[in-house]
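# Working through the structure, step by step
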Amino acid sequence: MGDYHFVYKDVEGTSTQWDDIQRKLGNLPPKAPVFKPDPFTPGEDESSKSKDKDWIDEKTQDELDDLEDDPDLNDDRFLQEYRMKRMAEMREVAKIVRFGSVIPISGSDFVREVSQAPEDIWVVVLLYKDGYSDCQILLQSLEELATKYTVTKFVKIISTDCIPNYPDCNLPTVLVYHNGALKSNYVGLHSFGRSCTPEGVALTLCQSDPVLNDGRSKQGQSREAVLDGVRKSFLDKVVAQHEDDDGSSSD
C-alpha cells in the first residue's frame, strides 16, 4: 500500500507552533491577516429620522406637497416647522414683481413706471402711434414676450407723449432701461430683423444684457442663459410648425 499523507487544516488564520518557528527561520511566508468583516451598521430608516428643519430642507417641492396629505405625520412640532417653511417660501415668491403684459402708460407716468421702476427690473419701452403697421407688428412680438418673461416690465407709450415732436419716421422705437438708466435703444422695425418674430426681438434685446427674465432664478439669469432659452424656444416652435404642416399635408 502506498503512503498516505494527511493534511490537517485549522480555523482560517490560526497557526501551529511549528509554523511559527519556520516563519522565524524564513522558511514560510508571513501569516496572512485574519479576515474580519466590517461591522454591520443598519441603514437609517426614513421613518426614524427626526422631522426637524434639516429634514424638511432635504425635501423637494413635490415631496413637500405629498407630505400635506400624509396621515402618519401628526407631530405638532414637525407640522409647525413645515408650515413656517412654506410661509417663508410664499413670502419669497411674493417678493418677485411680475407683470405679464405690455402696460400702456402716459407721459406723466414715465418717471414712476420706467425711471423709478423696482431695483434690478429691466424695462422695455415701446414708442408707437396707432395706425402704423410696423408698430403693430412689433407690439405683437412684445406682447408674446411679455407673457413669457413676466419679471421683465414691458410698457408702451405714444411717441410724442414721451418725446415731444419725435419723428414718425423713427417708429417704432424701443428703449431699454435698468435701474433708472437708459441701456440701449432700437430705432425702426428693421432693427429686429426682416421678419420681426418674438424670438428675433428677444435675441436683439439680449445682445448685450440679460434683459429678459422669466423669474425662474432668484438671482436672475445670465445673458447666455437667456439666449440659450430663446434659441430653444425658437427651435421648438420650428419643429411644432413642421409637425403641423406634415399633419395637414397627410390629410
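Residues numbered from 1 in each chain as written. Predicted model: local features only at pLDDT ≥ 70, side-chain atom pairs only at ≥ 80, totals over all residues. Heavy atoms only, no water.

Filter applied, for reference: UniProt positions are given in the numbering used here, feature names are shortened, and annotations may be inferred rather than shown by experiment.
The chain carries the name Phosducin domain-containing protein in an unreviewed UniProt entry, which gives Anisodus tanguticus as its organism. Under the heading Sequence similarities (unreviewed entry), UniProt records this for the chain: "Belongs to the phosducin family."

## Re the nonpolar core
What counts, and what does not: Here the nonpolar core consists of buried residues drawn from Ala, Val, Leu, Ile, Met, Phe, Trp, Tyr and Cys, with membership extended through side-chain atoms lying within 4.5 Å. Exposure categories follow from relative accessible area, calculated using a 1.4 Å probe and restricted to protein chains: below 20% of the type maximum is buried, above 50% is exposed, and the middle band is partly exposed. Strands are runs of DSSP state E lasting at least two residues, helices are runs of H or I lasting at least four, and both sets are numbered from the N terminus onward.
By size, the foremost hydrophobic cluster in this structure holds 40 residues, and its most contacted members are Val125, Leu138, Val174 and Leu205. Going through the elements one at a time, helix H5 (110-115), strand E2 (122-128), helix H6 (133-148), strand E3 (153-158), strand E4 (173-178) and helix H8 (198-205) are the ones with two or more residues in this core. Broken down by element, the residue count for this core peaks at seven residues, all from E2.

## A few points about the side chain of Ser141
To be explicit about the condition: As used in this structure description, the phrase polar contact means that two N or O atoms lie within 3.5 Å; if the pair is within protein, one of them must be able to donate a hydrogen and the other to accept it, and residues adjacent in sequence are counted only when both atoms belong to side chains. Any pair of residues with heavy atoms lying within 4.5 Å of one another is described as a contacting pair.
Mapped onto the elements of the fold, Ser141 is located in helix H6. Only 3.1 Å separates the side chain of Ser141 from the backbone oxygen of Cys196, close enough to count as a polar contact. Residues contacting Ser141, with those up to four places away along its chain left out, are Cys196, Thr197, Pro198 and Val201.

## Let's talk about the sheet that holds strand E1 (residues 102-104)
Two modes of strand pairing occur in sheets, parallel and antiparallel, and in both the strands are linked by backbone hydrogen bonds. Cut-off, in case you're wondering: Between any two strands, pairing holds if DSSP finds at least two bridges. Helix axes use the C-alpha atoms of the stretch in contact, all axes being lines fitted to C-alpha atoms, and the angles between their N-to-C directions lie in the range 0 to 180 degrees.
Reading across the sheet, the five strands line up as E1-E3-E2-E4-E5 and stay open at both edges, with mixed pairing between neighbours. Two strands lie at the open edges of the sheet, namely E1 and strand E5 (181-187), each paired on one side alone. Within this sheet the neighbouring strands show an average axis-to-axis angle of 25°, counted without direction. Across six bridges, E2 lies against E4 in antiparallel orientation. Looking across to E4, one finds that Val123 is bridged to Tyr177. Taken strand by strand, H6 contacts E1, E2, E3 and E4, and its axis lies near 160° from that of E2.

## Remarks on the pattern of salt bridges
Selection rule: In what follows, salt bridge is the name for a side-chain nitrogen of Lys or Arg lying within 4 Å of a carboxyl oxygen of Asp or Glu.
Applying the stated criterion to the full structure yields four salt bridges. What emerges from the salt-bridge pattern is a single network uniting Asp109, Arg112, Glu113 and Lys153.

## Considering the pairing of E2
Among the seven residues of E2, seven are classified as buried, and the element is accordingly described as predominantly covered. Of the two faces of E2, the one holding Trp122, Val124, Leu126 and Tyr128 and the one holding Val123, Val125 and Leu127 are both buried throughout. Here E2 runs beside E3; their pairing, made up of six bridges, is parallel. By the bridge assignment, Leu127 is partnered in E3 with Ile157.

## Focus: H8
Within H8, seven of the eight residues are buried, which leaves the element mostly enclosed by the surrounding structure. Here H8 has its buried residues at Pro198, Glu199, Gly200, Val201, Ala202, Thr204 and Leu205.

## A look at the environment of Ala202
Its location among the elements puts Ala202 in helix H8. The spatial distance from the C-alpha of Ala202 to the C-alpha of Ser141 is 8.9 Å, given a sequence separation of 61 residues.

## A few points about a nonpolar patch on the surface
What counts here: Like charges within 9 Å and nonpolar side chains (Val, Leu, Ile, Met, Phe, Trp, Tyr) within 5 Å are joined into patches, using only residues over 30% in relative accessible area that form no salt bridge. The protein chains shown are the only cover counted for residues, whose accessible areas, like all others here, come from Shrake-Rupley with a 1.4 Å probe.
Among the surface-exposed residues, Trp18, Ile21 and Leu25 lie close enough to one another that they form a single nonpolar patch of about 360 Å² accessible area. Summarising the element assignment, Ile21 is placed in helix H1 (residues 17-25).

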